[in-house]
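# Residue-level structural notes
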Amino acid sequence: MENLLHLDYIVFELWGYPMSFIEIFGTLTGLVTVWLAARNNIYTWPFGLVNVSSFFVIFWQVNLYADMFLQLYFFAMSVYGWIYWHRQKNAMRKISLVSNRKRFWTFLWMVVLTLLLGFVISRINIWLPSIFKKPAAYPYFDAYTTVLSIVATVWMARRVIESWVLWILVDIVAIVLYYLKGIKLVSIEYFIYMIMSTYGLVAWIKEYKHERALLVKLKNRFL
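Presented here is a report on the structure given in the accompanying data block. If you're wondering where the values come from, they're calculated on a predicted model, not measured in any experiment. (Residues numbered from 1 in each chain as written. Predicted model: local features only at pLDDT ≥ 70, side-chain atom pairs only at ≥ 80, totals over all residues. Heavy atoms only, no water.)

## Details of the nonpolar core
Which entries qualify depends on this criterion: Take the buried Ala, Val, Leu, Ile, Met, Phe, Trp, Tyr and Cys residues and link them wherever side-chain atoms come within 4.5 Å; each set so joined is a nonpolar core. Partly exposed describes any residue whose relative accessible area lies between the buried limit of under 20% and the exposed limit of over 50%, with all areas from a 1.4 Å probe on protein chains only and scaled to the type maximum. Labels follow the DSSP assignment, with helices taken as runs of H or I lasting at least four residues and strands as runs of E lasting at least two, numbered in each case from the N terminus.
Within the largest apolar cluster, 55 residues are counted, with the highest numbers of intra-cluster contacts made by Phe-59, Trp-164, Tyr-178, Ile-183 and Tyr-190. Elements with a contribution of two residues or more to this core: α1 (21–38), α2 (44–61), α3 (65–87), α4 (100–127), α5 (139–157), α6 (162–180) and α7 (184–222). Looking at this core element by element, the count peaks at nine residues for α6.

In structure tokens:
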């Protein structure tokens, strides 16, 4: 089982690129997770649990430590999102927007936290050499995708439209980052994520407008 989870466990080669089992498995479950999220389907969360477990193993092996720790957060948030969506399944209005004020403060905090986390990750092999034997790869870009993913996950669990915007911003950087680290299948996966996130953004906006229109009709009916 341990060998099966290693990036060196190659299933086949595609155009000269070795396809490991864990990378294939993580990619497929990740695509299903995003597809279900774009369709506002609650089963996105259990698939997400499997996906983040796979990516924890992958990121550990390629020294992307911020992304590795992020998977633990994703795991907890997937449980939270599953419970939250289940409880809210009968709510009339499921999708929302955040205020301009909240957008500003969220952006500011994301910048600050990215810089702080990037610094910590860049020094983690010095502070904890017995655990992290190699220096972190691209620590600040790794921190960027981590911080934005944290906010995006919270907003997605609460069905906030802007979560998709953040996912798109994460995907753009992740495509390049994972390609440079040699996990090219994951890089391709994030390119597909970007396309699916764009679809999710459009779909949620349409649903939000539809819900708003229904609310307006109901108000007009009783006025």
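We are not done yet, so read on.
## Quick notes on empty space enclosed by the protein
Applied cut-off: Of the two site types, the cavity is a set of points on a 1 Å grid over the protein atoms alone where a 1.4 Å probe fits but cannot get out, and the pocket is an open set with protein on both sides within 12 Å along at least five of seven lines, each lined by residues with an atom within 4 Å of a point. Grid points are joined across faces, edges and corners, and a volume is the space filled by probe spheres set on the points. Under the scheme applied here, ten amino acids are nonpolar (Ala, Val, Leu, Ile, Met, Phe, Trp, Tyr, Cys and Pro), four are charged (Asp, Glu, Lys and Arg), and all others, including Gly, are polar.
Applying the stated criterion across every chain yields a total of two cavities of 30 Å³ or more. Forming the walls of the largest cavity are 28 residues, and the residues nearest its centre are Thr-33, Val-34, Asn-51, Phe-74 and Trp-167. The set of elements that each furnish at least two residues to the lining of the largest cavity consists of α1, α2, α3, α5, α6 and α7. Class assignment of the residues belonging to the lining of the largest cavity gives a composition of 15 nonpolar, eleven polar and two charged.

## What about the packing of α4 against α5?
Packed helix pairs are characterised by how far apart their axes lie and by the angle those axes make with each other. Here is the rule: Axes here refer to lines fitted to C-alpha atoms; in helices the fit is confined to the stretch in contact. Angles between the N-to-C directions go from 0 to 180 degrees. Orientation labels follow simple angle bins: below 35 degrees gives roughly parallel, above 145 gives roughly antiparallel, 65 to 115 gives roughly perpendicular, and whatever is left gives oblique. Helix crossings get a hand from a simple test, with the near helix turned counterclockwise from the far one by less than a right angle marking a left-handed crossing and a clockwise turn marking a right-handed one. Here a residue-residue contact requires only that any non-hydrogen atoms of the pair lie within 4.5 Å.
Running from N to C, α4 and α5 point in directions that differ by 140 degrees, and their axes come no closer than 8 Å. Viewed along their axes, α4 and α5 adopt a mutual orientation that is oblique. Here α4 and α5 pass one another in a crossing that is right-handed. In this structure, α4 contributes Lys-102, Thr-106, Met-110, Leu-113, Thr-114, Leu-115, Leu-117, Gly-118, Phe-119, Ile-121 and Ser-122 to the contact, and α5 contributes Pro-139, Tyr-140, Ala-143, Tyr-144, Thr-146, Val-147, Leu-148, Val-151 and Trp-155. Residues that form the contact of α4 with α5 fall into these classes: 14 nonpolar, five polar and one charged.

## Observations regarding the side chain of Asp-67
Our working rule: Only four residue types enter the tally: Lys and Arg on the positive side, Asp and Glu on the negative side, with His and both chain ends excluded. Salt bridges are defined by distance alone: a side-chain nitrogen of Lys or Arg within 4 Å of a carboxyl oxygen of Asp or Glu. Any pair of nitrogen or oxygen atoms within 3.5 Å is treated as a polar contact; in protein, a donor-acceptor pairing is required on top of that, and neighbouring residues in sequence qualify only through side-chain atoms on both sides.
By secondary structure assignment, the location of Asp-67 is in helix α3. This buried residue, Asp-67, is left without a salt bridge; Lys-181 holds the nearest opposite charge, at 11 Å. In this structure the side chain of Asp-67 is engaged in a polar contact, spanning 3.3 Å, whose partner is the side chain of Thr-145. For Asp-67, the side chain forms a polar contact with the side chain of Tyr-178, separated by 2.7 Å. The contact partners of Asp-67, leaving out residues within four places of it in the chain, are Phe-59, Asp-142, Thr-145, Thr-146, Leu-177 and Tyr-178.

## Description of the pairing of strand β2 (residues 17–20)
Cut-off, in case you're wondering: DSSP calls a pair of strands paired once it identifies at least 2 bridges connecting them.
As paired elements, strand β1 (residues 10–14) and β2 share four bridges and run antiparallel to each other. Paired with Phe-12 across the bridge in β2 is Met-19. Hairpin geometry of β1 and β2 is characterised by an intervening segment of two residues between the two adjacent antiparallel strands and by a positive phi of about 55 degrees at Trp-15.

## Some thoughts on the packing of aromatic side chains
Cut-off, in case you're wondering: Here a pair means two rings of Phe, Tyr or Trp (six-membered ring of Trp) with centres within 6.5 Å. Their orientation is stacked below 30 degrees between planes, edge-to-face above 60, and tilted elsewhere. Geometrically, a charge over a ring is one whose NZ (Lys) or CZ (Arg) sits within 6 Å of the ring centre while staying within 35 degrees of the ring normal.
In total, this model carries 16 aromatic pairs according to the counting rule given. Taking 6.2 Å as the distance between ring centres and 50 degrees as the angle between the ring planes, the aromatic pair formed by Tyr-73 and Phe-74 counts as tilted. On the accessibility criterion, Tyr-73 (22% relative accessible area) is partly exposed. With a centroid separation of 6.1 Å and 55 degrees between ring planes, the pair formed by Phe-74 and Trp-167 is classed as tilted. Taken together, the residues span a long stretch of sequence, with Phe-74 in helix α3 and Trp-167 in helix α6 at a distance of 93 residues. For the pair Phe-74 and Trp-167, a shared accessibility class is recorded, and that class is buried. Feature note: the residues Phe-55, Phe-59, Tyr-178, Tyr-190 and Tyr-193 constitute an aromatic cluster, connected by ring pairs. When the ring centre of Trp-85 is taken as origin, the NZ or CZ atom of Arg-159, which lies over that ring, is 3.9 Å away.

## Remarks on the packing of α2 against α3
Look at α2 against α3: their axes get within 8 Å of each other, and the N-to-C directions meet at 175 degrees. One finds that α2 runs roughly antiparallel with respect to α3. In this structure, α2 contributes Thr-44, Trp-45, Pro-46, Gly-48, Leu-49, Val-52, Ser-53, Phe-55, Phe-56, Phe-59 and Trp-60 to the contact, and α3 contributes Asp-67, Met-68, Gln-71, Leu-72, Phe-74, Phe-75, Met-77, Ser-78, Val-79, Gly-81, Trp-82 and Trp-85. Class assignment for the residues of the contact of α2 with α3 results in 16 nonpolar, six polar and one charged.

## Some words on the pattern of salt bridges
All told, the structure shown has one salt bridge when counted by the stated rule. Here Arg-103 and Glu-162 are joined by a salt bridge, their closest N and O atoms 2.7 Å apart. Here Arg-103, found in helix α4, pairs with Glu-162, found in helix α6; they are 59 residues apart in sequence, far enough to count as distant. You can call Glu-162 buried: its relative accessible area is 10%.

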